[in-house]
Amino acid sequence: MARQPKPTPRHAPKPSTILVVDDSPVNLHVLVRTMDGTGHRVLVATSGKAAIEIAERARPDLILLDVMMPDVDGFEVCRAIKENPATKDIVIIFLSALGEVADKVAGLEMGASDYITKPIQADEVLARVATHLVQQQLEREVRFSRDSLDRELSSAAEMQRMILPPALPGIGVLTFAAYYQTSRYVGGDYYDVVSLPGEQCGVLIADVSGHGATSAIIMAMIRAAFHACPMPPVDPPTVLRHINEQFRFLWGSPLLATAFYAVIDGRTRQMSLACAGHLPPLLVRGGTVEPLVFDGTMPLLLRELPHIPRSQQVLQPGDRVLFYTDGITERENAAEEMYEFSRLCEALSRSHALSADGLLQAVIKDVDEFAAGEEPHDDQTLLLVSA
């Protein structure tokens, strides 16, 4: 009588390596014959010890593992394979005449993927092997795609950091410190400090709505628009209006960007500023923390901004001004409570006597302690100007 062809699963797995483990020559013969013609490479072990050694050396994709074996039984083999980082991802299917629920649960808790009760049925073995191999191969493809995406995003994040100031200049009596962290890889926060004629500096901070690739692209375009100003960027309203004009193609879209630009004289500490929907910077004077008061306008990228107010502020020796984005004040903890503006002011007041870097580190430490391990959902940026 001619042998019946092996049934072909609807989603056939790619050829794989399968290790069959049983101390009975008869059972081994049946299992090997069952797998014959499937296209898989079949290895054989007649003891638990041999199975562990072969698994370490050959790294099979799946193991059909007998439970009842002398010396080292199937449970011990499973435990050894799952504890080894090199073999822990191998799919294990137990084969046993034991039908007790407790035995099946014990095997599954050790990391086995399935359980087949003897006497085995060829069609059942083939179906279960195919199912687990397809699932394993799909998981590997997903993992490969995810790892590739992670590498690409890591490269994008590195590129994005390269367009931020590589070093913050000291201009006159002014010094600067910054902290920048995206919510994942790339984000929409941007800050910059540029030297201007007459010991002046331009300080820009912007926050594109959302986060991720779209926000990162807009962020890079804002940077390009800022550095492509046709005139020296000494007038804050003109600078913000120029940046906004470069995004006419986005006017009316859901995207927006808040921005704050200030020109500070490094000799007189005179500050001229303009705001497009951004959070007011915080003035730290001694232990007192207050938001700067000024008139502003709506965010960028929405429509034409014919009038952007200009405000003036004179800093005193020892003053500090903190520019920040809402990823700081809107950082959430597990209870979905926000860090909030008041807590930021308290952290600044407590830490006002520290160095610039020390102050920023103290604020971030307080934010992280508040979040208690909850990952940030938005980018976080701090830029501190010390006068």
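Structure: above.
Residues numbered from 1 in each chain as written. Predicted model: local features only at pLDDT ≥ 70, side-chain atom pairs only at ≥ 80, totals over all residues. Heavy atoms only, no water.

Provide a residue-level description of the overall build of the protein, including the pertinent values.
Across its full length, the protein holds 10 helices and 15 strands. For the protein, whose C-alpha radius of gyration is 32 Å, the value lies well above the compact-globule estimate of 21 Å for 387 residues. Nonlocal contacts in the protein, meaning residues at least 24 apart in sequence, comprise 69% of its contacts between residues at least 6 apart. Entry remark: accessible area of the protein is about 18800 Å², with carbon and sulfur atoms responsible for 54%. Here the protein carries 34 positive and 50 negative side-chain charges, and the mean point of each set is 5 Å from the other. (Helix = DSSP H or I, 4+ residues; strand = E, 2+ residues; numbered from the N terminus. Rg over C-alpha atoms; globule rule 2.2 N^0.38 Å. Contact = heavy atoms within 4.5 Å. Areas by Shrake-Rupley, 256 points an atom, 1.4 Å probe, with all protein chains shown as cover. Lys, Arg positive; Asp, Glu negative; His and termini not counted. Charge placed at Lys NZ, Arg CZ, Asp CG, Glu CD.)

Report on unusual backbone geometry, specifying residues and quantitative values.
The omega angle of the peptide bond from Lys118 to Pro119 is 0°, so this bond is cis rather than trans. Checked against the element boundaries, Pro119 lands in the loop between strand S5 (114–117) and helix H5 (122–162). Even without glycine at this site, Arg269 takes up a positive phi of about 65°. Within the secondary structure, Arg269 is located in the loop between strand S9 (257–265) and strand S10 (270–276). Backbone geometry places Glu340, a non-glycine residue, at a positive phi of 75°. Counting through the fold element by element, Glu340 comes out in the loop between helix H8 (326–329) and helix H9 (341–350).

Tell me about the environment of Ile92, and please be specific about residues and values.
Within the secondary structure, Ile92 is located in strand S4 (residues 91–96). With 235 residues separating them along the chain, Ile92 and Gly327 place their C-alpha atoms 45 Å apart. Those residues within four positions of Ile92 in sequence are excluded, and the remaining contacts are Ile63, Leu65, Cys78, Ile81, Lys82, Ala112, Ser113 and Asp114.

Quick rundown of helix H6 (residues 213–227)? Include the residues and the values.
With 15 residues, H6 should reach 21 Å at 1.5 Å per residue; the first-to-last C-alpha distance of 21 Å fits that figure. Those residues of H6 that sit buried are Ser215, Ala216, Ile218, Met219, Ile222, Ala225 and Phe226. (Expected span 1.5 Å × (residues − 1). Buried < 20%, exposed > 50% of the residue type's maximum accessible area, 1.4 Å probe, protein only.)

Any details on the packing of H6 against helix H7 (residues 236–245)? Residues and values, ideally.
Close contact between H6 and H7 brings their axes to 9 Å; oriented N to C, the two are set at 130°. Classified by the angle their axes make, H6 and H7 are oblique. Viewed along their axes, H6 and H7 form a crossing whose handedness is right-handed. Between H6, through Ile222, Ala225 and Phe226, and H7, the contact on the second element is made entirely by Val239, His242 and Ile243. In terms of residue class, the contact of H6 with H7 is built from 5 nonpolar, 1 polar and no charged. (Axes fitted to C-alpha atoms, helices over the stretch in contact; angles between N-to-C directions. Parallel < 35°, antiparallel > 145°, perpendicular 65-115°, else oblique. Left-handed = near helix turned anticlockwise from the far one by under 90°. Nonpolar A, V, L, I, M, F, W, Y, C, P; charged D, E, K, R; others polar.)

Just give me the short version of the sheet that holds strand S13 (residues 311–314), but keep the residues and values in it.
Strand order across the open sheet formed by 5 strands is S7-S8-S9-S10-S13, with antiparallel pairing between neighbours. The outermost strands of the open sheet, each flanked by one partner alone, are strand S7 (189–196) and S13. Shown here is a sheet whose adjacent strand axes are inclined to one another by a mean of 20°, direction ignored. Docked against the sheet, H6 engages S7, strand S8 (200–208) and S9, running at close to 15° with respect to S7. (Pairing = 2+ DSSP bridges.)

How would you sum up the sheet that holds strand S14 (residues 320–324)? Please name residues and give values.
One open sheet holds the 5 strands; their spatial order is S6-S15-S14-S11-S12, and the pairing between them is antiparallel. Two strands bound the open sheet, and with one partner strand each, they are strand S6 (175–181) and strand S12 (288–291). For this sheet the average axis-to-axis angle between neighbouring strands, irrespective of direction, equals 20°. In this structure, strand S11 (residues 282–285) lies alongside S14, joined through 3 bridges in antiparallel fashion. Looking across to S14, one finds that Val284 is bridged to Arg320. H9 rests against S11, S12 and S14 of the sheet, and its axis sits at about 30° to S11. Helix H10 (residues 356–371) contacts S6, S14 and strand S15 (380–386) of the sheet and is inclined by roughly 150° relative to S15.

Can you lay out the side chain of Ser311 for me, pointing to particular residues and giving the numbers?
By the secondary structure assignment, Ser311 is in strand S13. The residues touching Ser311, leaving out its near neighbours within four places in the chain, are Met271, Ser272, Leu273, Phe294 and Asp295.

Residues and numbers for the nonpolar core, please.
Counting 53 residues, the largest nonpolar core has Ile243, Tyr261 and Phe323 as its most contacted members. Here this core gets 7 residues from one element, more than from any other, and that element is S9. The next biggest cluster of nonpolar side chains, apart from the first, holds 21 residues, and it includes Val284, Ile328, Leu359 and Val367. (Core = buried A, V, L, I, M, F, W, Y, C linked by side-chain atoms within 4.5 Å.)

Explain the pairing of S15 to me, and be specific about the residues and the numbers.
Counting buried positions along S15 yields 7 of 7 residues, so the element is predominantly enclosed. Both S6 and S15 contribute to a ladder of 7 bridges, which runs antiparallel. Following the sheet pairing, Ala178 is matched in S15 by Leu383. Pairing of S14 with S15, which is carried by 5 bridges, proceeds in the antiparallel orientation. The partner of Phe323 across the bridge, within S15, is Leu383.

Which residues make up the packing of aromatic side chains, and what values go with them?
Evaluated as defined, the whole model comprises 8 aromatic pairs. The interplanar angle of 75° and the centroid separation of 5.7 Å between the aromatic rings of Tyr339 and Phe370 together place this pair among those described as edge-to-face. With Tyr339 in the loop between H8 and H9 and Phe370 in helix H10, this residue pair connects regions lying 31 residues apart in the sequence. For the pair formed by Tyr339 and Phe370, the shared burial category is buried. (Phe/Tyr/Trp six-rings, centres within 6.5 Å; stacked < 30°, edge-to-face > 60°.)

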